[in-house]
Amino acid sequence: MPGMANGLVIVAVVVLTLVRQVRPQRVSTDARSWWALPAVLLFLAVREPGLIDPAHPAVSAGLLAGGVLAGLATGAAWAWSSRVWADESGETWAQGSRATAAIWLGGAALRLGLHGLGALAGVHQGSSATMVTVAAVLLARSAVVLHRVHGIRPAYRVTAGG
């Protein structure tokens with residue numbers, strides 16, 4: 001997939017994710033669904049050449065690792081800033097907050113900073129590295145939200161007599 005198509009995929013995933021954060025979303029506890037989108041993004045990123053700049057492999061790999069770590073931190077912070085609750089029927093829900101938006105902006109600033117450091121070092125960073133970072137963000141967010149969901153107790157109490 002050419003760089004322009006990768007860029008469109010990244011923008012589409014980010015916009016869809018941000019739009020969904022404004023409204024409450026039911027949290028699926030399906031064991032496979034939480035990692036599917038990050039896995040697809042990672043597959044698309046890895047299959048493209050240019051994930052690591054062959055002219056600067058060590059610096060490029062370091063920037064990629066930094067991007068993944070920043071993504072994991074951003075995703076975890078995003079999940080902890082989201083409101084998570086269970087309704088009367090036991091369904092679990094999550095919704096982003098204003099802090100979530102600030103965390104998204106901070107994560108984007110971190111990624112831009114890493115990209116800028118790479119540019120200063122003469123490292124070519126394609127859209128594949130950004131896809132890996134977005135995959136890390138989504139993976140960490142999903143994992144932490146699921147962890148929080150499993151710790152929720154229903155807001156109601158069922159008694160034996162009715």
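Residues numbered from 1 in each chain as written. Predicted model: local features only at pLDDT ≥ 70, side-chain atom pairs only at ≥ 80, totals over all residues. Heavy atoms only, no water.

1. A short note on the UniProt feature "transmembrane region" (unreviewed entry) in the chain
Worth spelling out the cut-off: UniProt positions are given in the numbering used here, feature names are shortened, and annotations may be inferred rather than shown by experiment. By the criteria applied, helices consist of DSSP H or I runs no shorter than four residues and strands consist of E runs no shorter than two, each listed in order from the N terminus.
Taking the numbering used here, the UniProt-annotated feature "transmembrane region" (unreviewed entry) corresponds to residues 34-52, 59-81 and 101-123. The span residues 101-123 is 87% helix and 0% strand, and its two end C-alpha atoms sit 30 Å from each other.

2. Things to note about helix 5 (residues 127-150)
So the rule is basically this: Expected span, for any helix, means 1.5 Å times one less than how many residues it has. Using a 1.4 Å probe on the protein chains alone, a residue whose accessible area is under 20% of its type maximum counts as buried, one over 50% counts as exposed, and one in between counts as partly exposed.
Taking 1.5 Å of rise per residue, 24 residues should cover 34 Å, and helix 5 covers 35 Å from first to last C-alpha, within 8% of that figure. With respect to burial, helix 5 is a largely interior element, 19 of its 24 residues being buried.

3. As for the pairing of strand 3 (residues 92-95)
Under the convention used in this document: DSSP bridges decide pairing: two strands pair if at least two such bridges lie between them.
Across two bridges, the pairing between strand 1 (residues 25-26) and strand 3 is antiparallel. Among the inter-strand pairings, Arg 26 is bridged to a residue of strand 3, identified as Trp 93. Sheet topology note: the strand 2 (residues 83-86)/strand 3 ladder contains four bridges and is antiparallel. The partner of Val 84 across the bridge, within strand 3, is Ala 94.

4. With respect to the sheet that holds strand 3
An order of 1-3-2 is seen for the three strands of this open sheet, with the pairing classed as antiparallel. Looking at strand neighbours, the two that pair on one side only are strand 1 and strand 2, the edges of this open sheet.

5. Quick word on the packing of helix 3 (residues 57-81) against helix 5
Formally: Axis definition: a line fitted to C-alpha atoms, over the contacting stretch in the case of helices. Angles run 0 to 180 degrees between N-to-C directions. Should the near helix be turned anticlockwise from the far one by less than a right angle, the crossing is termed left-handed; should it be turned clockwise, right-handed. Contacts are assigned to residue pairs with any non-hydrogen atoms lying within 4.5 Å of each other. Think of it as three bins: nonpolar holds Ala, Val, Leu, Ile, Met, Phe, Trp, Tyr, Cys and Pro, charged holds Asp, Glu, Lys and Arg, and polar takes everything else, Gly as well.
The geometry of helix 3 relative to helix 5 is characterised by a closest axis approach of 7 Å and an angle of 30° between their N-to-C directions. As helix 3 packs across helix 5, the resulting crossing turns out to be right-handed. Packed against helix 3, whose contacting residues are Leu 64, Gly 67, Val 68, Gly 71, Leu 72, Thr 74, Gly 75, Ala 76, Trp 78, Ala 79 and Trp 80, the element helix 5 presents Ala 129, Val 132, Thr 133, Ala 136, Val 137, Leu 138, Ala 140, Arg 141, Val 144, Val 145, His 147 and Arg 148 at the interface. Here the residues of the contact of helix 3 with helix 5 sort into 15 nonpolar, six polar and two charged.

6. So, the pattern of salt bridges
Selection criterion: Criterion for a salt bridge: a side-chain nitrogen of Lys or Arg within 4 Å of a carboxyl oxygen of Asp or Glu.
Enumeration over the complete set of coordinates arrives at one salt bridge. For Glu 91, the salt bridge goes to Arg 26, with nearest N and O atoms at 3.7 Å. Pair noted here: Glu 91 is in the loop between strand 2 and strand 3 and Arg 26 is in strand 1, with a separation of 65 residues, a long-range link. Look at Arg 26 and you get exposed, because its relative accessible area is 54%.

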